[in-house]
Amino acid sequence: MNADGAAKDRTKRAGVLEALSSHRQPAGSAERRYAALRSMGLLDAPAEERFDRLTRLVCRLMRAPVSLISLLGAERQFFLSAQGLPGPWAGLRQTSLAYSFCRTVVETGLPLAVDDAREDPRVCGNPAVAELGIVAYLAVPLTLPDGCVIGALCAIDRERRGWTAEDEQALRELADVVMSEIAAGLRQRELQAAAAALRESEVRYRALFEVSPQMVWVADPAGKFTQVNQHYADFVGVPAAQLRDEDWLVHLHSQDREQVRTAWSSAVVSGREYQTEARVRCAADGSYRWVLCKAVPQHAADGRVERWIGVGVVIDGRRRAEDALRRRLRKLELLSEAASGLLAAGDPDAVLRPLFLSLSKEFGLDVSFSYVVDGDRLRLASCFGISGAARARLARPAFGEAVCGTVAQTHQAMYVTDVQASDEPELRPIKRLGIRTYICLPLVASEGRLFGTLSFGSRQQDRLSEGDLTFLRTVAQYLAVVRDRQCTIEALRASEARLHLALEAGRLAFWELDLATGTVLRAAYHDQLFGYSSPLPAWSYQAFMDHVVPEDRAEVNRAYQTALESEAGAAVECRIRLAGDGELRWLEVHGQRLRAPDGQVTRLIGVLRDVTGRKQTEAALRASEARLRLAQEVTGLGTWEWDPETGENLWTPEQYALFGLDPVRDGPVSFGRLLAEFLHPDDRDKVECALREAIATGRTFESVVRARRRVEGGRETRWFISRGSRVRRADGSPGRMLGVTMDITERQAMEARLQELQAELLHVSRLSAAGEMASALAHELNQPLTAITSATEAAREMLDSTPLNGAAEVADVREAMDLAVEQALRAGQIVWRLRDFITRGEADKRLEELPRLIEEASALALTGAQEHGVQVAIHLAPRLPFVIADRIQIQQVLVNLIRNALEAIENAASTVDGAPSQSPKLVVTAAPAGPGMVEVTVADTGPGLTSEIAERLFEPFVTTKSNGMGMGLSICRSIVEGHGGRLWAEPNPGGGTVFRFTLPAASADASVS
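What counts as what
Residues numbered from 1 in each chain as written. Predicted model: local features only at pLDDT ≥ 70, side-chain atom pairs only at ≥ 80, totals over all residues. Heavy atoms only, no water. Helix = DSSP H or I, 4+ residues; strand = E, 2+ residues; numbered from the N terminus. Buried < 20%, exposed > 50% of the residue type's maximum accessible area, 1.4 Å probe, protein only. Contact = heavy atoms within 4.5 Å. Areas by Shrake-Rupley, 256 points an atom, 1.4 Å probe, with all protein chains shown as cover. Arc of directions from axis to C-beta. Core = buried A, V, L, I, M, F, W, Y, C linked by side-chain atoms within 4.5 Å. Salt bridge = Lys/Arg side-chain N within 4 Å of Asp/Glu carboxyl O. Pairing = 2+ DSSP bridges. Axes fitted to C-alpha atoms, helices over the stretch in contact; angles between N-to-C directions. Parallel < 35°, antiparallel > 145°, perpendicular 65-115°, else oblique. Left-handed = near helix turned anticlockwise from the far one by under 90°. Nonpolar A, V, L, I, M, F, W, Y, C, P; charged D, E, K, R; others polar. Phe/Tyr/Trp six-rings, centres within 6.5 Å; stacked < 30°, edge-to-face > 60°.

**Side note on the overall build of the chain**
If you tally the helices and strands in the chain, you get 31 helices and 33 strands. A burial count over the chain gives 42% of its 1009 residues as buried. Summarising the internal contacts of the chain: among those between residues at least 6 apart in sequence, 56% fall at separations of at least 24. A total of about 52500 Å² of accessible surface is found on the chain, and carbon and sulfur atoms cover 53% of it.

**Considerations on helix H23 (residues 671-678)**
Along H23, the positions that sit buried rather than exposed are Leu 674, Leu 675 and Phe 678. Looking down the long axis of H23, one finds its buried residues gathered within 120° of arc, a one-sided arrangement.

**Digging into the side chain of Ser 722**
For Ser 722, the position within the fold is in strand S25 (residues 714-728). Looking at Ser 722, the relative accessible area reads 13%, which means it is buried. Residues in contact with Ser 722, not counting those within four places in the same chain, are Trp 640, Phe 701, Glu 702, Ser 703, Val 740 and Thr 741.

**Things to note about the nonpolar core**
Grouped together as the largest cluster of nonpolar side chains are 38 residues, with contacts concentrated most on Leu 850, Leu 897, Ile 898, Leu 922 and Phe 997. At the level of elements, helix H28 (850-861), strand S29 (883-886), helix H29 (887-906), strand S30 (921-928), strand S31 (933-940), helix H31 (968-978) and strand S33 (993-1000) are the ones that each hand at least two residues to this core.

**Section: the pattern of salt bridges**
Under the definition given, this model contains 56 salt bridges. Taking the shortest distance from any N to any O, the salt bridge between Arg 50 and Glu 181 comes out at 3.5 Å. Within this pair, whereas Arg 50 is found in helix H3 (residues 49-62), its partner Glu 181 is found in helix H7 (residues 165-200), the two being separated by 131 residues in sequence. Glu 181 sits in the buried class, given a relative accessible area of 13%. Arg 718 is paired through a salt bridge with Glu 746; the nearest N and O atoms lie 3.1 Å apart. With a gap of 28 residues between them, Arg 718 in strand S25 and Glu 746 in helix H25 (residues 745-772) connect regions that are remote in the sequence. Looking at Arg 718, the relative accessible area reads 16%, which means it is buried.

**Some remarks on unusual backbone geometry**
Despite not being glycine, Arg 63 shows a phi value in the positive range, around 55°. As for its placement among the helices and strands, Arg 63 is situated in the loop between H3 and strand S1 (66-72). For Arg 63, a relative accessible area of 52% puts it in the exposed group. One non-glycine residue, Asp 418, lies in positive phi territory at about 50°. With respect to the secondary-structure elements, Asp 418 resides in the loop between strand S14 (414-416) and helix H16 (428-431).

**Side note on the sheet that holds strand S5 (residues 136-143)**
What the six strands build is an open sheet, ordered S3-S2-S1-S6-S5-S4; its pairing is antiparallel. Edge strands, defined here as strands with exactly one partner in the open sheet, are strand S3 (94-96) and strand S4 (112-114). With strand direction ignored, the average angle separating the axes of adjacent strands in the sheet is 20°. Where S1 and strand S2 (residues 76-83) come together, six bridges link them in antiparallel fashion.

**So, the packing of H28 against H29**
The geometry of a pair of packed helices is captured by two quantities: the angle between their axes and the separation between those axes. Their axes nearest at 9 Å, the elements H28 and H29 cross at an angle of 45°. In terms of orientation, H28 lies oblique with respect to H29. Here H28 and H29 pass one another in a crossing that is right-handed. Seen from H28, the contacting residues are Leu 853, Ile 854, Glu 856, Ala 857, Ser 858, Leu 860 and Ala 861; seen from H29, they are Arg 887, Ile 890, Gln 891, Leu 894, Val 895, Ile 898, Arg 899 and Leu 902. Of the residues assigned to the contact of H28 with H29, the class counts are ten nonpolar, two polar and three charged.

**Overview of the sheet that holds strand S16 (residues 450-458)**
In space, the five strands of this open sheet follow the order S13-S12-S16-S15-S14, with antiparallel pairing throughout. Both edges of this open sheet fall to strand S13 (377-384) and S14, since each of them pairs with a single strand only. For this sheet, the mean angle separating the axes of adjacent strands, direction not counted, is 15°. Examined bridge by bridge, strand S12 (residues 367-374) and S16 share six bridges and lie antiparallel to one another. Along S16, the bridge assignment pairs Ser 370 with Leu 454. Across the sheet, helix H15 (residues 402-410) touches S12, S13, S14, strand S15 (437-444) and S16, and the angle it forms with S15 is around 35°.

**Some words on the environment of Pro 931**
By secondary structure assignment, the location of Pro 931 is in the loop between S30 and S31. By relative accessible area, which is 83% here, Pro 931 ends up exposed. Between the C-alpha atoms of Pro 931 and Ala 1001, which are 70 residues apart in sequence, the distance is 8.5 Å.

**Some thoughts on the packing of aromatic side chains**
Here the structure, examined in full by the defined rule, presents 18 aromatic pairs. On the basis of an interplanar angle of 70° and a centroid distance of 4.9 Å, the ring pair of Trp 264 and Tyr 274 is categorised as edge-to-face. One end of the pair, Trp 264, is in helix H11 (residues 257-270); the other, Tyr 274, is in strand S9 (residues 274-281), and ten residues separate them in sequence. For the pair shown, Trp 264 and Tyr 274 are each scored as buried. Ring geometry for Trp 651 versus Phe 659: centroids 5.3 Å apart, planes at 25°, classification stacked. Like Phe 659, Trp 651 is buried. Feature note: the residues Trp 217, Phe 225, Tyr 232, Trp 248, Trp 264, Tyr 274 and Trp 308 constitute an aromatic cluster, connected by ring pairs.

**Notes on H31**
Of the positions making up H31, those classed as buried are Leu 969, Ser 970, Ile 971, Cys 972, Ile 975 and Val 976. Where H31 ends, the next residue or the one after it, Gly 980, has phi of about 90°, a positive value.

**Focus: the pairing of strand S6 (residues 149-157)**
Taking burial as the measure, the nine residues of S6 include nine buried ones, the bulk of the element. Relative to S6, S5 runs antiparallel, the two sharing eight bridges. Along S6, the bridge assignment pairs Leu 138 with Ala 155. Linking two consecutive strands that pair antiparallel, namely S5 and S6, is a turn of five residues; a positive phi of about 95° is found at Gly 147 within it.

And the structure:
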């Protein structure tokens, strides 16, 4: 509150309590209080509605069940008004001082706030705590203008609560209203005393008529003024004689004339006392002052009215104080109505609209806005006093835009006076509405969450009073609390919906047992778990036990007692028989006790669910674990568990046995000990690299290693394969690595022998192919040898016939010798290819150029193809990548497939007239086939394959040749699959067969060493 506001408030209080200023107390505070109460006649005064109305307002405003106006006498406290007090105290309207909390307030002159009287050492011994149920207590003193405290205004709650500074301030303001009502009552008594004194001594009043500081007048029985005192004449500025002749009503405010005329005429006719209040124009400054006009008739001995004597008392100060008080009370009433409405309403804006209307009519706040947060903007929820077009412009301001957007952004209220004189851009929207003064308040929860803004404006006033601002801030606080509660309720509903959904999804049935009545509240799904198709009318603990099999009832009863006695609750699994067919099912039941406010255990709540499936799974898992254990024992398979973070390494007994160890004697085997003591030195780096890669990439760890197994008398080297993968934790992060180890020493020996036999078979296959190609090779060699012989003989004849004359003859001899050399080289190349093809050697995979492999194999396999009229085409894609392959083995595959294609073409069926059905053709292609692979195709135009042969084509000893062994294609598939590729056959759309095989391509950065 600023200095001006504080001064006004002090002036207001002085005016409201002006009537109490004459009741000065003696020097002693208690004696002063007793004297004041006696002089005011308040002790034992009958109940009055004006005070009861105030205590009801306290109860409603403070949300307290009890409110008292307590006056402290010498031996008792008297309740001028009591709301919510239990009997018989409500009828007595007083208690002894031993029950008085207010005594502390009166004696100290300070407010008293007690959150819990049962624990507060100041009042915990007061018998009112136990007998009247007083728990929370808040009181402020009722103080006379001279500082004498005569009593207290208090609010009482029967439950613990924390009083706030706003609660105390509100109670202080209502205490001022109480003192104002006391003052008004005293003034009424003074007026009554004044009227009695007028009747009592007309002579004395006549003597005082002219010197009276009040407006005094005399009228005849018909109501016509016959005499006025000088003060009256001076006040209205008209000579006394003239005032008697003219209509005195002209000096009243135009809005009051008719009411005064009616009241005066009625009094003259009825002969009853006349009293009214009206505004009279003061000639000194031209203002209208409130005047209390009262007149009493003077009767003759026969009872007739002889004259009227009236007095006019200026009560402008009191009326202004009363107007301010009424304004404050009206605000409190509006605030109370708004608070109760907001707390009860589902839509707060429905309550705001009538509040906006009242503020406009009664307080001149003719423009109101309520905004709510909607994403990154504000949305106009309700408004008052603006047109539809203006409403559309103000519908969705952004944060930082206009006044409300700035308030929403800063969470700080903004109060602006003289809006029309401002050039601020943010005020332009409200300036266009003709608003002169404006306040915008943020709606913020206690934790700082923004719900929106609340704004008020006036086109009639240039500024708002401090009381108006305080009232509007309180409305905003109430609205923020309601918005917060609304959000909380919505969140609670959503949470309850999610809970119900979770219970339904988890097939959980909620139950609640009332220990006093034995009744059970339960979810709709509950009864279905016991085999009932529709819900039963009632359920009980005994009904539940009737379904439990006899063998499990003792355990269930023990769990029931544990749930009653323990704060931790209890859980039990039991078997039940379903209603109807008696099927046996497993239930898991959880229970937890609940206490009443007095600490007594009154209810059990919990959930239950059918776990039959889980039980069956557990039984199956146990059986599976038993089978796994048996398989481990039979096969010697060891399992291990390793934590990469802690290094902990756990082995099963079978794992220990693989390395010749005893779990008890040798203890845990760490990863470091395993590497250093048991693994072969040449394999340690490989194992570490494989583990690091598995941890980094999340892929499965696998490694084939040699280890030195402990045996009696020393160590023996064995081959092991170990494979493992990491198990993820509940949060999704990788956890421990689980794996198995197997002794593969015998398998390694068998694979080595198998590789030797396969090499023998491959060599025999190559010799067989060379034998099959022998005649063609002989024919192929015959051509260059014949050419060599012819060229050599021609050169010799040219040398023997005549001496060489001239360069031309020498050139002829050299040409003949060059031809001989060329043909000799050709023959040597044919022999070299044949020798290289049939040479026996170990598999040696390395980077190879696929085009070179195809060209060399084709040159060897296509020997004699042209003699049979076969058209051969080789299509190689540009920039083919290197392949990882054994050159001899892949050439064997190519030679085998090309020779098979040539033989299929030679054996192709002919047409009826002996001509071939189509031109024989053989096509070899190579191209990329997806990421990391290259595909080679050998296509012929032969007779193709029958469905019976196609299904078993790659099986051993399956052949289409009359003299074939049926091993070629089986060996080819083994070679291709050993290289990580695939070999298959499919029909050629143009007739014949297409064989395709793939090989892994080397990476782009690979190079030939």
